[in-house]
Amino acid sequence: MPPPSCPTNTTLSQLHLTDIPGLQPLHRWISIPFCAVYLATLAGNSTLLWLIKADPSLHQPMFFFLSMLAAVDLVMSTSITPKMLNIFWFHSTSISPAACLTQMYFVHACSAVESGVLVAMALDRYVAVCNPLRYPSLLPSPAVAALGLAALLRAVAFMTPLTLQIHRLPLCAPAVVKHSYCEHLAVLKLSRGDPAPSSTYSLSVSTYVGAFDSLLIVVSYALILRAALGLSSPRARKKASSTCSSHLCILSLYCVPGLLSLYMQRYRQELPPCIQVLLADLYLLVPPAFNPLIYGIRTKQIRDAARRVM
């Protein structure tokens, strides 16, 4: 029998997301930067996709990877931000269990795909800088497609069990998810079953993806930086160093808040709930808006293509 404090409802028709705890009077103001970041994400990534498709000079491995990153950012942001804005503007907190699981799957799968694409982009830059003469032969179009497909399949393989574990667990009623989107651990807390296997799996997968991919990216850019320092041209050294530093900054912005949020929820660190929710929102909303700036607009080929197309 379930405990009295956790009544179950086998025909649960809807869940309820929460806003940002303790900041309810500021929700209208908070929604302004959230909406601005989402619009910037839509505009920046859509423009990148359009430019790369329209200009044949951008049909290169680097920009194919950038297209993948832009597409993933659009899907991930659109899976959560409209619902967040509905909560802030109209207090529309209800979401069906199926929609909640779908949102959870897309959020976590897109995060894993984005991490894999960032690794592929770091590999692309390593080959371009350290083996420029072999660049076309090492990264032909089939190899680019294979790397993108590998990132997608890895995400599906890791995140499908995560979602199925939640789907099989009975939920407590009333089902209030203490988060502004269907984050895995927040939904898991509603279960009256044993959450330990799903929680441990989530922690293990997130740590593996975050740590392993970050290590590969850091090593790639370290090798790029070492090669750049050996160049005779000061301008080339400055360009390579700038590329490495900016890419590592966006990696930090992407990985650090996500892992912090995960570990704080897993080990119940005593931080205000509003900080935990904002950290989780930050790592999903901010990188997709900044990626077009870091990887796109600062790239000379993208700027030149924009002038030609317009």
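Conventions used here
- One numbering rule holds for all chains: residues counted from 1, following each sequence as written.
- In keeping with the model being predicted, local features are shown solely for residues with a pLDDT of at least 70 and side-chain atom pairs are shown and tallied solely at 80 or more, while totals for entire chains, interfaces and linings include all residues.
- Water and hydrogen atoms play no part in the side-chain values, which are based on all heavy atoms of the structure.
- Between the rings of Phe, Tyr and Trp (Trp by its six-membered ring), a pair exists once the centres lie within 6.5 Å; its type follows the angle of the planes, with under 30 degrees stacked, over 60 edge-to-face, and the other angles tilted.
- Classification of residues uses two cut-offs on accessible area relative to the type maximum, computed with a 1.4 Å probe and protein chains only: under 20% is buried, over 50% is exposed, and between them is partly exposed.
- Across the chain, each position has a pLDDT score giving the predictor's confidence in that residue, from 0 to 100.
- Only heavy atoms enter the contact rule, under which two residues are in contact if any of them lie within 4.5 Å.
- Two strands qualify as a pair provided that DSSP identifies no fewer than 2 bridges between them.
- Secondary structure is summarised from DSSP: a helix means a run of H or I of at least four residues, a strand means a run of E of at least two, and numbering begins at the N terminus for each.
- Pairs of cysteine sulfur atoms within 2.5 Å are identified as disulfides in what follows.

Engineer: It is not clear to me how the packing of aromatic side chains should be interpreted in this structure. Could you clarify?
Structural biologist: With the rule as written, the count across this model stands at five aromatic pairs. For the ring pair Trp-89 and Phe-90, a centre distance of 6.3 Å and an interplane angle of 80 degrees mean the geometry is edge-to-face. Judged by its relative accessible area of 30%, Trp-89 is partly exposed. Taking the centre distance of 5.4 Å and the plane angle of 10 degrees together, the rings of Tyr-208 and Phe-212 count as stacked.

Engineer: What should I look at first to understand the confidence of the model for the protein in this one?
Structural biologist: Do not read the fine detail of predicted coordinates wherever pLDDT is low. Overall, the predicted model of the protein reaches an average pLDDT of 81, with 83% of residues at or above 70. Residue range residues 1-5 is modelled with pLDDT below 50. Its contacts to residues more than four positions away, or to other chains, number two contacts.

Engineer: Quick question: what am I supposed to make of the sheet that holds strand 3 (residues 176-177) here?
Structural biologist: The strands that make up a sheet are held in pairs by hydrogen bonds between backbone atoms, and each pair lies either parallel or antiparallel. The three strands are arranged 2-1-3 in an open sheet whose pairing can be described as mixed. Edge strands, defined here as strands with exactly one partner in the open sheet, are strand 2 (94-95) and strand 3. For strand 1 (residues 15-17) and strand 2, the ladder comprises two bridges, and the chain directions are antiparallel. Counted as the bridge partner of His-16 is Ser-94 from strand 2.

Engineer: So what exactly am I meant to see when it comes to the state of the cysteines here?
Structural biologist: Two cysteines joined by a covalent bond between their sulfur atoms form a disulfide. In the structure shown here, the tally under the stated rule is one disulfide. The disulfide bridge from Cys-100 ends at Cys-182, spanning 2.0 Å between sulfur atoms. Looking along the S-S bond of the Cys-100-Cys-182 disulfide, the torsion reads about -125 degrees, which is the left-handed sense. Here Cys-100 is found in helix 3 (residues 97-130), whereas its partner Cys-182 is found in the loop between strand 3 and helix 6 (184-188), with 82 residues between them in sequence. Given the relative accessible area of 2%, Cys-100 is considered buried. A residue is classified by how much of its surface remains accessible, and Cys-182, at 0% relative accessible area, is buried.

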